[in-house]
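Structure assessment
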Amino acid sequence: MKKISTYTLGCKLNFAESSAMAQAFLKQGFELVPFGEASDVTLINTCSVTENANQKCRNVVRQALRKSPESFVAVVGCYAQLEPEELASIEGVDAVLGAKEKFEMFDLLDFKKTGDTRIHVSEISTVETFGIGHSMLGDSASRTQTRAYLKVQDGCDYTCSYCTIPLARGTSRSQSVEKTILEARLLIDAGYKEIVLTGVNIGDYGAKDGSTFSELLRALDQLPIPRLRISSIEPNLLTGEMIDFIAASKRIVPHFHLPMQSGSDAVLRAMRRRYTTDLYRERCEEVISKLPDCCIGGDVIVGFPDETDEHFEETVKFIEDLPLAYLHVFTFSERRDTYAAEQLASKAWMPTNGKTKSHRSNVLHLLSEKKKRAFYERFTGRELEVLFENEFSDDREMNAETSEKLYCYGHTANYLRVGVAIASKETAQADLARTFRRVRLTGVDSSLNMTGELV
């Protein structure tokens, strides 16, 4: 039996698509093996949001060849769509496939190494393929039927000045509500306990066929799945009607990830974002007024061109005053063929120096930790339901206060990561993983996880 291994960089949507591609190989008689083991085919799904993502992709290609030098290496994803020639120039890469072609591999490739690199990348303006995407095999948690990612939308019609996603994935598109429900049922039948809805801009779901994301949520809410989670939604697309429905739902969990990018209106305008700080604040406050225990997270970019110290201080103060539980902090990375790159090239905008970027990133990472600890500490002493995953850690090296203890981890509905001490990994795998259990939360450890005791 031939073997296939995969490696995924980037977002939850990439994980969902990697799993769908891996399933196609299984249907062709391949065996899926962990990345790093000898395999006949290595599939690398790439990200290109930042220069660091590009560099990591190049490193993974080289790592794959060191582990399995005779493997047929196929590289797909955003980086492959944007820079196919650059990827093809890496020694050992056998095929580069674009946004459309990654779902047509068996029509395009024979998976035989010839010494030549085959490039199959269409112009992104011609790409209308949606492609199946659900993570029955996507990550360690998914492989134990705990959490699955379901792709509900792809592409983006927005033109944010720093972003290459429309160039890498094309225009916004989605499947019908009926087809999406069918895919969700496959995951439920496979035993998953939680479905995470993923996409590039999922609030834009159905825009081309007249349906809406609210309509999809109402249909999914009728399915027999314990938990539904929204991966991320633009604040301008999160409506009051949607918040009301989620507050009343027994399945959709109280967790929102709302991309912010900046707390300065001047920077938001330069980024071509479609909201103001006032709208972002209103959405956060409305969510908390209706879902007091809700976890809200946000993305922030530091070091955008022309971001002054005053702009950054506005962002810090804005975040401090918001009911956020955590941040994902990114450092601005100039991407070719974007409006920001054009402005920098013409010197209409000036770059932020590396030392300033690093300082601002550190400030926001510390603020994120402070926010997260404060949010977690609110729940100390409470009893909440935790969905345990096949995830374990020996905290002896990380936390002096939990020395000599082995932990099994899971998440509450509002995204608290909770660990309980266990006797052995084998016992927990048999009795705890993939189950919902009531847990009394006892505190927050130095790694910003909640500790708890089974009730």
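Whatever comes next refers back to the structure up there.
Criteria and cut-off values
Residues numbered from 1 in each chain as written. Predicted model: local features only at pLDDT ≥ 70, side-chain atom pairs only at ≥ 80, totals over all residues. Heavy atoms only, no water. Salt bridge = Lys/Arg side-chain N within 4 Å of Asp/Glu carboxyl O. Helix = DSSP H or I, 4+ residues; strand = E, 2+ residues; numbered from the N terminus. Buried < 20%, exposed > 50% of the residue type's maximum accessible area, 1.4 Å probe, protein only. Pairing = 2+ DSSP bridges. Contact = heavy atoms within 4.5 Å. Axes fitted to C-alpha atoms, helices over the stretch in contact; angles between N-to-C directions. Core = buried A, V, L, I, M, F, W, Y, C linked by side-chain atoms within 4.5 Å. Patch = residues over 30% accessible without salt bridge, like charges linked within 9 Å, V, L, I, M, F, W, Y side chains within 5 Å. Areas by Shrake-Rupley, 256 points an atom, 1.4 Å probe, with all protein chains shown as cover. Lys, Arg positive; Asp, Glu negative; His and termini not counted. Charge placed at Lys NZ, Arg CZ, Asp CG, Glu CD. 1 Å grid on protein atoms, 1.4 Å probe; cavity = no way out; pocket = protein on both sides within 12 Å on 5 of 7 lines; lining within 4 Å. Points joined across faces, edges and corners; volume = space filled by probe spheres on them. Nonpolar A, V, L, I, M, F, W, Y, C, P; charged D, E, K, R; others polar. Phe/Tyr/Trp six-rings, centres within 6.5 Å; stacked < 30°, edge-to-face > 60°. Lys NZ or Arg CZ within 6 Å of the ring centre and 35° of its normal. Parallel < 35°, antiparallel > 145°, perpendicular 65-115°, else oblique.

As for the pattern of salt bridges
- Inspection of every chain in the model, using the stated rule, returns 29 salt bridges.
- Its salt-bridge partner being Lys-208, residue Asp-157 comes within 3.2 Å of it at the nearest N-O pair. One end of the pair, Asp-157, is in the loop between β7 (147-151) and α6 (165-169); the other, Lys-208, is in the loop between β8 (194-198) and α8 (213-220), and 51 residues separate them in sequence.
- For Asp-157, a relative accessible area of 34% gives the class partly exposed.
- For Lys-208, a relative accessible area of 57% puts it in the exposed group.
- Of the charged contacts in the structure, one is a salt bridge between Arg-373 and Glu-377, with a shortest N-O distance of 3.9 Å. With Arg-373 and Glu-377 both in helix α14 (residues 354-377), this residue pair falls four residues apart, about one helical turn.
- The class for Glu-377 is partly exposed, based on a relative accessible area of 43%.
- Salt bridges linked by common partners bring Glu-17, Lys-102, Lys-151, Asp-154, Arg-169 and Arg-173 together as one network.

A few points about the sheet that holds strand β1 (residues 3-8)
- Taking strand neighbours across the sheet as the criterion, the six strands line up as β2-β1-β3-β4-β5-β6 in an open arrangement whose pairing is parallel. Of all strands in the sheet, those with a lone pairing partner are β2 (31-32) and β6 (118-120), marking the two edges.
- The strands touched by helix α1 (residues 12-27) within the sheet are β1, β2, β3 (41-46) and β4 (72-77), with β3 carrying the most contacts at an inclination of about 160°.

Examining the environment of Ile-252
- As for its position among the elements, Ile-252 is in the loop between α9 (240-248) and β10 (255-257).
- Taking the C-alpha atoms as reference points, Ile-252 and Val-200, separated by 52 residues in sequence, lie 19 Å from one another.

Focus on the nonpolar core
- Membership of the largest hydrophobic core comes to 64 residues, with the highest contact counts inside it found for Phe-213 and Leu-364.
- In this structure Phe-213 touches Leu-197, Ile-202, Gly-203, Tyr-205, Ile-230, Ile-233 and Met-242, once residues within four positions along its chain are discounted.

Focus: a negative patch on the surface
- On the surface, a cluster of negative charge is made up of Glu-310, Glu-313, Glu-314 and Glu-320.
- In this structure, Glu-320 sits in helix α12 (residues 309-320).

Side note on empty space enclosed by the protein
- Within the structure shown, the criterion is met by one cavity of 30 Å³ or more.
- Counted as a void, the largest cavity has a volume near 30 Å³.
- Residue lining of the largest cavity: Ser-214, Leu-217, Arg-218, Glu-241, Met-242 and Phe-245, and that is the complete set.
- Counting residues per element, the ones that place at least two in the lining of the largest cavity are α8 and α9.
- In terms of residue class, the lining of the largest cavity is built from three nonpolar, one polar and two charged.

Points about the packing of aromatic side chains
- Evaluation of the coordinates by the stated rule reveals 17 aromatic pairs.
- Where Phe-304 meets Phe-332, the ring centres are 5.2 Å apart and the plane angle is 75°; that geometry is what we call edge-to-face. On the criterion of sequence distance, the pair formed by Phe-304 in the loop between β11 (295-302) and α12 and Phe-332 in the loop between β12 (326-331) and α13 (339-345) is long-range, its members being 28 residues apart. In terms of burial, Phe-304 and Phe-332 fall into one category: buried.
- Arranged with centres 5.7 Å apart and planes meeting at 85°, the rings of Tyr-339 and Trp-349 form a pair that is edge-to-face. Within this pair, whereas Tyr-339 is found in helix α13, its partner Trp-349 is found in the loop between α13 and α14, the two being separated by ten residues in sequence.
- A relative accessible area of 29% means that Tyr-339 is categorised as partly exposed.
- A residue is classified by how much of its surface remains accessible, and Trp-349, at 11% relative accessible area, is buried.
- Of the aromatic side chains, those joined through ring pairs into one cluster are Phe-25, Phe-30, Phe-72, Phe-106 and Phe-111.
- Looking at Arg-272, its charged tip hangs above the ring of Tyr-339, at a distance of 3.9 Å from the centre.

Focus on the pairing of strand β17 (residues 450-454)
- Of the pairings in the sheet, the one linking strand β15 (residues 417-422) to β17 comprises three bridges and is parallel in character. Bridging across to β17, Gly-419 finds its partner in Thr-451.
- Across five bridges, strand β16 (residues 436-444) lies against β17 in antiparallel orientation. Paired with Val-444 across the strands is Met-450, a residue of β17.
- Between β16 and β17, which pair antiparallel and follow one another directly, the connecting turn spans five residues, one of which, Leu-448, has a positive phi of 60°.

What about the sheet that holds β11?
- Taken in spatial order, the three strands make up an open sheet running β10-β11-β12, and their pairing is parallel. Whereas interior strands pair on both sides, the edge strands pair on one side only; in this sheet they are β10 and β12. Between one strand axis and the next, the sheet turns by 15° as a mean value, whatever way the strands run.
- Pairing between β11 and β12: six bridges, direction parallel. For Val-302, the partnering residue across the bridge sits in β12 and is Thr-331.

Re the packing of α8 against α9
- Where α8 contacts α9, the axes come no closer than 10 Å and their chain directions differ by 10°. Between α8 and α9, the angle falls in the class roughly parallel. Packed against α8, whose contacting residues are Phe-213, Ser-214, Leu-217 and Arg-218, the element α9 presents Glu-241, Met-242, Phe-245 and Ile-246 at the interface.
- Classifying every residue of the contact of α8 with α9 by side-chain character gives five nonpolar, one polar and two charged.

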